[in-house]
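Spelled out from the first residue to the last, the chains are:
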Amino acid sequence: MNHQTPVFQVVGYKNSGKTSLLSELIAYGAENEEHVAAIKHHGHDEPLKVMHHGTDSYRLHESGAFMTGVDSPRRLQLELNHPEGYPLEKLVSLYRFFAPDLIVVEGFKEESYPKAVIIKRERDLELLKLENILLVVTWDESLTSHLELPVYKLEEWKEQLPEIYKLAKGA
């Protein structure tokens, strides 16, 4: 199954508001009966915490299974060990198997999927060199007033969600 779900990235530097903006975008989609899937890049050196320490699935994982899955009537959880990060393209392919209406991605700045860039301070302007920018979210209009791209003020993001969601889906 190769469902071509649209992918939309939100990129910015640490504490710029990426997770908050994506949470609002996901909630908007869910309120409109859309299935939105999320991928977050964990770019930190410390490893992720094991999902369920002390459970049977944890024991299976610790026995050497490279992938462990737990399926219940309402939720599926997967844990996968790999020596290096998976390319975003492979993660998107996995997510598309489940046929969501939209896949949102936090991070993976250098990838070429359509994206929103968050500009919080002057040094963030270097992010405008990234490819496939659809829109900019700004903390400070004076930094972005020269742009020809659509620019949304951070405090007006929520009011613009219908328009931004359409852009994210490529509509």
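None of these values were measured; they are calculated from a predicted model. (Residues numbered from 1 in each chain as written. Predicted model: local features only at pLDDT ≥ 70, side-chain atom pairs only at ≥ 80, totals over all residues. Heavy atoms only, no water.)

The subject of this paragraph is the packing of aromatic side chains. As enumerated under the stated definition, the model contains 2 aromatic pairs in all. Aromatic side chains F97 and F98 sit 5.3 Å apart centroid to centroid with 90° between the ring planes, which places their arrangement in the edge-to-face category. (Phe/Tyr/Trp six-rings, centres within 6.5 Å; stacked < 30°, edge-to-face > 60°.)

So, on to the nonpolar core. By size, the foremost hydrophobic cluster in this structure holds 18 residues, and its most contacted members are F8, L25, L135 and W157. When neighbours within four sequence positions are excluded, F8 is seen to be in contact with L25, L102, I103, V104, V105, P114, K115, A116, L134, L135 and A168. (Core = buried A, V, L, I, M, F, W, Y, C linked by side-chain atoms within 4.5 Å. Buried < 20%, exposed > 50% of the residue type's maximum accessible area, 1.4 Å probe, protein only. Contact = heavy atoms within 4.5 Å.)

The next subject is helix α1 (residues 18-31). Here α1 contains 14 residues, and its C-alpha end-to-end distance of 20 Å stays within 8% of the 20 Å for a straight helix at 1.5 Å per residue. Every buried residue belonging to α1 is among K18, L21, L22, L25, Y28 and G29, and all of these are buried. Around the axis of α1, the buried residues are gathered within 120° of arc, so they sit on the same side. On its buried face, α1 is in contact with β1 (7-11), β2 (36-40), β5 (102-106), β6 (115-119), β7 (133-138) and α5 (161-169). (Helix = DSSP H or I, 4+ residues; strand = E, 2+ residues; numbered from the N terminus. Expected span 1.5 Å × (residues − 1). Arc of directions from axis to C-beta.)

Quick look at the environment of N15 now. Here N15 shows up in the loop between β1 and α1. Residue N15 is classed as exposed on the basis of its relative accessible area of 57%. Separated by 105 residues in sequence, N15 and K120 have C-alpha atoms that sit 9.0 Å apart. Ignoring anything within four residues of it in the chain, the contact list for N15 reads K120 and W139.

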